[in-house]
Amino acid sequence: MPDRKRPSGGLEGLAVLVTGGGTGIGAACAARLAADGAAVTICGRREAQLEEAAKRIAAQAGHGSIQWIRCDVTDEEDVAKTIARTLEPTGRLHGVVANAGGGGGLGPYHVQDTKEFLRVLHLNVLGTMLCIKHSVPHLVAAGGGSFVGMSSIAGHLVHPYFGAYTAGKAGIEAMMRNAADEFGAQKVRFNAIRPGFISTEIMAGIPRDHATYRSYIENTPMNDVGEPEDVADLARFLIGPESRWITGTCIDVDGGHHLRRGPNFGHFIEPMLGKAVMGGKLPEKQ
């Protein structure tokens, strides 16, 4: 890995919320923002992970600060309370990294479980929308700010068998573009990040000697996987004043994977569902 040491600072006095901030990309974003002086609030559904992440980030926060609060981003009351907590350090809100999201329900569309499909849509689309809804008035009141939605390479490049995840991430990108247009005059910017294969606890479930992992590497020009810090560096740029003239964009952080094709998850799904299902037939009743 390259040396990531760099001069810190530039975000002093800015209050930023990072959802899904207890692990992986969210925790890396929070750490990067706090290191450069921001007053960061992280939230998520798992208190133990949030507390541990906050302790770790506080130890290297520099001039910034860190606090945490439990929040389910699909619960509007929770989101409102979390925004209020984010205001406490400075009295204002300057940025949001809406990182909370996830997938589930892998399989062809004709065997999708409707409840699971809706759960994934709610987590990604509704969760991001509620963060927009409750942060915008405060971002406007602060004289402007930056909202970063966490999309995925799957938001614009086909990922067969990913179910609601692809639709959810595409929905996030659509919201970022629309919101950028709606609130541009108020100096509130909206952009999306599209991570590719990033080395997180979620992606750890793909063995490095598995055909699906090889399909990622073969379709990534840089021939490797990314780290959470690669995404965090872009999030810090988009939150900071250096990106003041950038809005309505969706930026890939994927080692060039978007230039080729999505991964082949059929190697995982066929053993679970059978060849007939993969060909569009319904599973045989047991």
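See the structure printed just above.
Predicted model, so just to flag it, every value in this text is computed and none were measured.

Peer 1: Tell me about helix α1 (residues 24–35), and please be specific about residues and values.
Peer 2: For α1, which comprises 12 residues, the first-to-last C-alpha distance of 17 Å matches the rise-based estimate of 16 Å (1.5 Å per residue) to within 8%. With nine of 12 residues buried, α1 is to be regarded as a mostly interior element. All of the buried residues along α1 are Ile25, Gly26, Ala27, Ala28, Cys29, Ala30, Arg32, Leu33 and Ala34. Positive phi appears at Gly37, one or two residues downstream of α1, with a value of about 105 degrees.

Peer 1: A description of the layout of surface pockets should follow, citing residues and the corresponding values.
Peer 2: Counted as a void, the largest pocket has a volume near 1200 Å³. In this structure, the largest pocket is lined by 49 residues; those nearest its centre are Gly101, Gly102, Gly103, Tyr165 and Ile202. When residues in the lining of the largest pocket are grouped by element, the largest group, three residues, is from α1. For the lining of the largest pocket, the per-class residue count stands at 23 nonpolar, 20 polar and six charged.

Peer 1: Please provide a residue-by-residue account of the packing of aromatic side chains, values included.
Peer 2: Considering all chains together, one arrives at eight aromatic pairs under this definition. For the ring pair Tyr109 and Phe117, a centre distance of 6.4 Å and an interplane angle of 65 degrees mean the geometry is edge-to-face. An aromatic cluster is built from Phe162, Tyr165, Phe197, Tyr213, Tyr216 and Phe265, whose rings are joined through pairwise contacts.

Peer 1: Requested: an account of the environment of Gly9, with residues and values cited.
Peer 2: Within the secondary structure layout, Gly9 lies in the segment before β1 (15–19). The class for Gly9 is buried, based on a relative accessible area of 18%. Sequence separation of Gly9 and His63 is 54 residues, and the distance between their C-alpha atoms is 7.6 Å.

Peer 1: Summarise the side chain of Gln67; cite the residues concerned and give the values.
Peer 2: Its location among the elements puts Gln67 in strand β3 (residues 65–70). Look at Gln67 and you get buried, because its relative accessible area is 14%. A polar contact of 2.8 Å, which involves the side chain of Gln67, links it to the side chain of Thr41. Among the polar contacts listed, one links the side chain of Gln67 to the backbone oxygen of Arg85, at a separation of 2.9 Å. Contacts of Gln67, omitting those with residues within four sequence positions, involve Val40, Thr41, Ile42, Arg85, Thr86, Glu88 and Pro89.

Conventions used here
- Residues numbered from 1 in each chain as written.
- Predicted model: local features only at pLDDT ≥ 70, side-chain atom pairs only at ≥ 80, totals over all residues.
- Heavy atoms only, no water.
- Helix = DSSP H or I, 4+ residues; strand = E, 2+ residues; numbered from the N terminus.
- Expected span 1.5 Å × (residues − 1).
- Buried < 20%, exposed > 50% of the residue type's maximum accessible area, 1.4 Å probe, protein only.
- 1 Å grid on protein atoms, 1.4 Å probe; cavity = no way out; pocket = protein on both sides within 12 Å on 5 of 7 lines; lining within 4 Å.
- Points joined across faces, edges and corners; volume = space filled by probe spheres on them.
- Nonpolar A, V, L, I, M, F, W, Y, C, P; charged D, E, K, R; others polar.
- Phe/Tyr/Trp six-rings, centres within 6.5 Å; stacked < 30°, edge-to-face > 60°.
- Polar contact = N/O pair within 3.5 Å; in protein donor to acceptor, adjacent residues only side chain to side chain.
- Contact = heavy atoms within 4.5 Å.

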